[in-house]
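Structural features, examined
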Amino acid sequence: MILAPRTWDRRLLPLLLLLAAAWLLARPWTGLWHDSRLYAVQAMRRLSPENFQNDLYFLYGSQDSFTLFSPLFAACIAALGLPAAAQLLYLLGSVLWLAGAGWLLATFLRGLPFWLGMVCLVLLPSDYGPLVGIFTLGEPFPTPRIFAEALSMIALACLVRGRWHWGLPALVLAFLLHPLMTAGAALAGLLFLGMGRPRLLLLGAALGAAGLALGVASGVSPFDRIVLGMDKEWLAHVIRQAPMVTWDGWHADKWLSRTALAFSLVLAAACLSQGRQARFFASLAAAGAIGLLASWLGTGCFHNLLLIQAQPWRALWLLQLGAVPALAWLLASYWQRGAVFRLLLLALVVATLTRNSIGGVLAVLAAATLCWQVRSAAPLALSAATSRALTALLLALGTVWLAEVLKLATDSGALAPQLIEDSAARIWGWTLLGTGVLALAGAALLLLVWRCMASGRGGGYLLACLAALAGLAGAALWRIAPPEYAYPVSDQARRDARAVFQPLIAPKAVVYWENDVRGSWFLLQRANYVSSVQLAGAAFNRGTALEGARRLARLHRLGMRDSVREHDASTAKLRMSELPVPSEAGLAYVCGDPALDFVVLAWQLGEGGIARVEDREYRRTYYLYDCARLRGAR
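Here goes a summary of the coordinates provided.

The rules behind each value
- Residue indices follow the written sequence of each chain, beginning from 1 at its first position.
- Residues qualify for local features only when their pLDDT is at least 70, as the model is predicted, and side-chain atom pairs are given and counted only at 80 or more; totals for whole chains, interfaces and linings, by contrast, use all residues.
- Heavy atoms from the whole structure form the basis of all side-chain values; hydrogens and water molecules are not counted.
- Secondary structure follows DSSP: runs of H or I at least 4 residues long count as helices, runs of E at least 2 residues long count as strands, and numbering of each begins at the N terminus.
- Multiplying 1.5 Å by the residue count of a helix minus one yields the expected span of that helix.
- Accessibility here uses a 1.4 Å probe with only protein chains present; expressed as a share of the type maximum, an area under 20% marks a residue as buried, one over 50% as exposed, and anything in between as partly exposed.
- The reported arc concerns the directions from the helix axis to the C-beta atoms and nothing else.
- Whether two residues are in contact is decided by their heavy atoms: any pair within 4.5 Å suffices.
- Under the pairing criterion, centres of Phe, Tyr and Trp rings, with the six-membered ring standing for Trp, must be within 6.5 Å; the plane angle then separates stacked pairs below 30 degrees from edge-to-face pairs above 60, leaving the rest tilted.
- We define the nonpolar core as a collection of buried residues of types Ala, Val, Leu, Ile, Met, Phe, Trp, Tyr and Cys that are connected through side-chain atoms lying within 4.5 Å of one another.
- Disulfide: a pair of cysteine sulfur atoms within 2.5 Å of each other.
- In this description, a line fitted to the C-alpha atoms serves as the axis of each element, helices being fitted only across the stretch in contact, and the angle between N-to-C directions of two axes falls anywhere from 0 to 180 degrees.
- Roughly parallel means an angle under 35 degrees; roughly antiparallel, over 145; roughly perpendicular, 65 to 115; everything else is oblique.
- Should the near helix be turned anticlockwise from the far one by less than a right angle, the crossing is left-handed, and should it be turned clockwise, the crossing is right-handed.
- Amino acid classes used here: Ala, Val, Leu, Ile, Met, Phe, Trp, Tyr, Cys and Pro are nonpolar; Asp, Glu, Lys and Arg are charged; the rest, including Gly, are polar.

So, helix α9 (residues 164-177)
- Here α9 spans 20 Å end to end across 14 residues, near enough to the 20 Å set by a 1.5 Å rise per residue.
- Those residues of α9 not exposed but buried are G167, A170, A174 and L177. Buried residues of α9 fall within an arc of 65 degrees about the axis and therefore sit on the same side. In α9, the exposed residues that point more than 90 degrees away from the buried face are W164 and P169.
- If you follow the buried residues of α9, they end up packed against α5 (69-80), α8 (144-160) and α10 (179-194).

Spelled out as C-alpha cells, the structure:
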C-alpha cells in the first residue's frame, strides 16, 4: 500500500514531489499581502509600540489581544527580521497544513483516491464564505488561520480515529491562535461525539450556555457584547467596508452556489458511508448549517454585536475542507458501479468546476439522485444511447465553465493595463488556478505518475520521478502571484527610501504611502494614515469604521486607488476609473487633516516635496511631502 507504509517506500517520492509541486503552484510565497499585513504590523507594534500608536488600525483598539500569534510572530521578527520571519512562518504553516490534511484524509481514503484528494484539495478553488476569493483554505501567507486549520484537522483526525485525547492539545493550541476558526472545529467535534448520544449533546450545550452566561455576568470581553447591538450608522459603514461580517452585506450570487455544492458533496458522503466516516461528514455539514443559521439570525435579524464580530459563518471552512475528500471518496466508491453512477459522478465533477454559477443546482440534483440510486431497491438503468446523450448534455453544460474561465481572464486582463503592473503569465495563472483548470492538469499528471509506478518496472518509476520533478520545476518557475494594485518597489529603492525618508519622519508621525500600506508599516516603520487594509477592523471598533470612512473620503479627493474598498474586481475597476487625477489641490486637501504628517507619492505635485527617491529598476520616482509645511503655506 502506498499510503502510510511501515517503512520508507520509494514509491512515495514522486507522489510527495507532485504534492509539493501542487502546493508551490497554488500557494507560492509572494510576500506579505492580504491579512498577513495586519498580523505583521501587530507583531511590529509589540517591538516598537511608539512607532504605531497613532495608526488607524490601533487607534481605537484591535483584536490583537485574542491571539497568541502576534507575540510568537514578534519573537521571530526580533530574532530573524521581518522578511525571514514571515517566510519561516509560511514554511512551517505549509508543512503543518499538508501534514494535518494528510492525517485527516488518511482516515477514510487509501491509495490513489488519497493522493487524488490531496492534490485536488490543494489545487481546486477553496474559497468559502460570503465573498468570492477572500478567505481560502491553506492561505499562503503568515496568519494564525493556516495554523488553526492544520491543528484543527489533526484534532479531528484523532477524534475520528477514536483517540480524542490525543487531539485535545492541538485543538486548545488552535483556539489560542485563532478562536473564530477553531470554534467551528470544536462544534464539529462535539457533534461527532454526540451523534446518537443526545445526552452528551445536551450536556455540551448546557456547559456552553453556562460559560456564556458566566462571561456575560462577569463582564468579560467579548462575552459582554452579547447584549449589545450595532447602531445604524456603524452598521452602514460595516456593510460598506467589511460586508462579509453581516448578513445584510451578503449577496446570493457570491456564495450560495458554491456553498450548496459543498453541502451536497459532504451530505452525499455522509448518507452513503457508514460508521465514523458517516458521522464525520455529517458533523461537518451540521456545523456549517449551524454557522449559517447563527449568522442569519444574529447578524441579519438582530445585528447582535458579538455574533457580528464572532462571524459564525467561518465554520464553512470545515464544509469546504470536507467537500474535496467527499468527492474523491464518491469517485473511488462508485465509479465502477455502472454507466448511471459514472454519469452522476461526472455531473458532480462538472458542478465542482462550475461552483460559482450552475454548480450548486447541478450538485444538489446529482447528489440526491446518487443517494437514491445507491439505496433504491430498483435502481435506474439507462440504455447506451440515453447514457451517451446525457453525457453529451453534461459536457455541454461544461461550456459554462469555459465561459467562466474566459470571463475571469478578460476581467483580469482589462484591469491590468491601466490600474496595475501585471503580466499575461500572472493573469492566466491566477485565472487557471481560480477556475480549476490547474486542478484537472494536476489530476492528470497524478494519474500518469501512478500509472508509471504501477508498471512495476524500474523505467516506469524513473519516468514517474522525472514527471514529478518536471511538475515541481514548472511550479517553481511559474510563480502565480495575486492581483496587486500597489506599485512594485525594487530592493534598491527600498534601501534608498529607508536612508533618505526615514530620518526625516519622527517615530510618532503618521504617513500615507500611495496605495501600499506596506510602505508605511514595513519600509518606514511608521503609523499609516488610512488604507482599505486597515478597515478590516471596522466591525470591531466603531471609531475605526467612522474615522476610516472620513479619511478614505479625503484620499478620494487626491485620486488614490487605496480609497476604493471593493471586493468585486469589476466594481473596483469602475470606481478606480472615476477617480480624479492626483493634483496639488488634492494633496493640499488631504494634508489639511492634522492627523496626517507625511505623504509619499509617485507624483510630483508642485514644489512641496522635501525629498525624493529614484527606483531605477521600475523607472519611478517617489516624493516625500511634509504636510505641516503644506498647511503652513496655505
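Brief notes about the packing of aromatic side chains
- A full pass over the atoms with the stated rule returns 22 aromatic pairs.
- When the ring of W250 is compared with that of W313, the centres are 6.3 Å apart and the planes differ by 80 degrees; the resulting orientation is edge-to-face. Placement of the pair is W250 in the loop between α12 (232-241) and α13 (252-272) and W313 in the loop between α15 (305-310) and α16 (316-334), with a sequence separation of 63 residues.
- Taking the centre distance of 6.0 Å and the plane angle of 85 degrees together, the rings of W329 and Y334 count as edge-to-face. Accessibility classification places W329 together with Y334 in one group, the buried group.
- Each residue in the set Y128, F135, W247, W250, W255 and W313 is aromatic and connected to the rest through ring pairs, giving one cluster.

Let's talk about the nonpolar core
- The biggest cluster of nonpolar side chains holds 154 residues, and the ones touching the most others in it are F73, W97, F280, W317, L330 and L348.
- Here this core gets 14 residues from one element, more than from any other, and that element is α16.
- Those residues in contact with L348 that lie beyond four places of it in its chain are L265, L327, L330, A363, A366, A367 and L370.

Some thoughts on helix α28 (residues 584-591)
- Listed in full, the buried residues belonging to α28 are G586, L587, V590 and C591. With its buried residues spanning 130 degrees around the axis, α28 presents them on a single face. In α28, those exposed residues whose orientation departs by more than 90 degrees from the buried face are E584 and A585.

Concerning the state of the cysteines
- Tallied over the full model, the rule gives one disulfide.
- Here C591 is linked by a disulfide to C627, with a sulfur-sulfur distance of 2.2 Å. Its torsion about the S-S bond being -50 degrees, the disulfide of C591 and C627 is classed as left-handed. Of this pair, C591 sits in helix α28 while C627 is found in helix α29 (residues 627-633), placing the two residues 36 residues apart along the sequence.
- Look at C591 and you get buried, because its relative accessible area is 1%.
- The structure places no disulfide on C465, whose sulfur is separated from the nearest cysteine sulfur, that of C452, by 9.9 Å.
- In this structure C465 comes out as buried when scored by relative accessible area, which is 10%.

A short note on the packing of helix α6 (residues 82-105) against α8
- Look at α6 against α8: their axes get within 8 Å of each other, and the N-to-C directions meet at 25 degrees. Classified by the interaxial angle, the pair formed by α6 and α8 is roughly parallel. In this structure, the crossing between α6 and α8 has a hand that is left-handed. Here α6 contributes L89, L92, G93, S94, L96, W97, G100, A101, W103 and L104 to the contact with α8, which in turn contributes I146, F147, E149, A150, L151, M153, I154, L156, A157 and C158.
- For the contact of α6 with α8, the per-class residue count stands at 16 nonpolar, three polar and one charged.

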